[in-house]
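This is what each chain is made of:
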Amino acid sequence: MRSIRGTLFTILFTGLIAIATVTGCSIYLKVIQELNEVFDHQLMEVAYAAAAHAPDVVPLPSAEASYEREARLAVQIWKGETLLYSSRPNRIIPRQGQGLTTLYLDDQHPHLGWRVFALNAHDKVIQVSQPLEARRNVGISIALRSEEPLMLATLLLSGLILLSVGQGLRPLKKLAEDISSRTYTSLTPLSDRNLPSEVVPLVRCINNLLEHLDQSFEYQSRFIADAAHELRTPLAVIRLQARVLSKSGDEALRAEANRQLNAGIERASRLITQLLTLARLEPEPQPAQLETLSLDGKTRQLVADYARIAAEKGIELTLSRVEPVEIGGDAESLRDLISNLVDNAIRYTPSGGAVKVAVLHRGLRAILQVSDTGPGIPASERDKVFERFYRLPSSAEGGSGLGLAIVKSALLRLGGVITLEDNPWGTGLKVSVVFTVSPTGALPAEPPA
């Protein structure tokens, strides 16, 4: 498991060490370069001073020539091929041409070379030399002293990084403690007071999730209560008719009880199927995966499936017009929507009536229409019929009140808009569902008006 603290420490410390190393090397190289220039200038100054003051013949210096010993300079004065003066009799530097020269006398020890400056002064050659090793030692010493502030700054920055990372991650630790101290029923929003701006979006996302969970738990509680209430009636009917069948000897009574028993079983079965469908569609309105769906193809298939049911009830079920069109969504939601619209139309249309289904393509809109010659829905009740378990007071057909609730939930996943109006070609209801045509299968940003 990766740690934010460890990752930050690794990145910051690696960067700090890299910067300190590069800076230290740059300082060292710059110091060496500057010192070489200073040493070269010193060689020239000594040579010009010797040229101005040296007599024709000068004695060899004593071993106590302090300035020469400290600088480790070797001064020579040549006249022709004759050495007139040498500050280091044991180390004779061959005479060089005028100017600066780097000389290596020992091939086995190249680091023991010399930096030489020769100056022609009248008939003499003033030659001042300095060991490269002396320059190097002085350069290292000065460079290390120059690096001391850098090393101190690196140590201080390391401590500051430790303190800053720990302080910066403290709100996350506090947030984690707040979340871990909650139970599964504690869904109140987390506080975002005194939190860094970078953490606030995370807290808001968590609060949104908690809100959705709270709504989901509330929905599940209401759903279970409503389902238990709705299942109580058909189960009571089944229990009562089963008791009649077991105790009654009257064949007519037994036949009626058997009919009532089968009706109760059918109602309970349909109710359970609708409850499961509604539970699958809610509470999440958006599908997990989108696909391109053929609205006309799915409608043809489902109308064919309901043709036998409509025929048994004496209802004419027809496809009045079907135009090819595709929409975006998930297949299960579209199937639930069409099935419940057609099923409701057949269920509430009396025998001898008609149900017409049409699929229209109008520009960027796809329209599904289901019209019936049933009792219709009063304008004042059309907003209420989409609520779960709501039944029209005047309805003679025993339903569960879930059909249009399922349609509403499916529409939330498909991105459509539904309207209810009077059937223009007779009594009954006309249901129109408008989708946005989406060739890529993507849902529209907003439902069409």
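Refer to the structure above for everything that follows.
Quantities reported herein were computed from a predicted structural model and do not represent experimental measurements.

For the protein, the count of helices and strands is nine helices and twelve strands. Burial statistics for the protein: of 449 residues in total, 40% are counted as buried. Restricting to contacts in the protein with at least 6 residues of sequence separation, those with at least 24 account for 66%. Carbon and sulfur atoms make up 58% of the accessible area of the protein, which amounts to about 26100 Å² in all.

Another point: the sheet that holds strand 10 (residues 365–372). Strand order in the open sheet formed by five strands is 7-9-10-12-11, and the pairing between neighbours is mixed. The two strands at the open ends of the sheet, each matched to only one other strand, are strand 7 (316–322) and strand 11 (417–422). Neighbour to neighbour, the strand axes of the sheet diverge by 15 degrees on average, direction disregarded. As paired elements, strand 7 and strand 9 (residues 354–362) share six bridges and run parallel to each other. Paired with E316 across the bridge in strand 9 is A354. The strands that helix 7 (residues 295–312) touches are strand 7, strand 9, strand 10 and strand 12 (429–436); relative to strand 7, the one it contacts most, it runs at about 165 degrees.

Attention shifts here to a nonpolar patch on the surface. On the surface, Y28, L29, I140 and L144 cluster together to form a nonpolar patch covering roughly 370 Å² of accessible area. Listed by contribution, the elements that provide at least two residues to the nonpolar patch are helix 1 (4–53) and helix 3 (132–168). As for its position among the elements, L144 is in helix 3. L144 sits in the exposed class, given a relative accessible area of 52%.

Before going further, it helps to examine the side chain of T299. Mapped onto the elements of the fold, T299 is located in helix 7. Ignoring anything within four residues of it in the chain, the contact list for T299 reads L319, I338, V357, V359 and L368.

Attention now moves to the environment of Q130. If you trace the backbone, Q130 turns up in strand 5 (residues 124–131). In sequence terms Q130 and A74 are 56 residues apart; their C-alpha atoms lie 6.2 Å from each other. Reaching out from Q130, the side chain makes a polar contact with the side chain of R135 at a distance of 3.0 Å.

About the criteria used
Residues numbered from 1 in each chain as written. Predicted model: local features only at pLDDT ≥ 70, side-chain atom pairs only at ≥ 80, totals over all residues. Heavy atoms only, no water. Helix = DSSP H or I, 4+ residues; strand = E, 2+ residues; numbered from the N terminus. Buried < 20%, exposed > 50% of the residue type's maximum accessible area, 1.4 Å probe, protein only. Contact = heavy atoms within 4.5 Å. Areas by Shrake-Rupley, 256 points an atom, 1.4 Å probe, with all protein chains shown as cover. Pairing = 2+ DSSP bridges. Axes fitted to C-alpha atoms, helices over the stretch in contact; angles between N-to-C directions. Patch = residues over 30% accessible without salt bridge, like charges linked within 9 Å, V, L, I, M, F, W, Y side chains within 5 Å. Salt bridge = Lys/Arg side-chain N within 4 Å of Asp/Glu carboxyl O. Polar contact = N/O pair within 3.5 Å; in protein donor to acceptor, adjacent residues only side chain to side chain.

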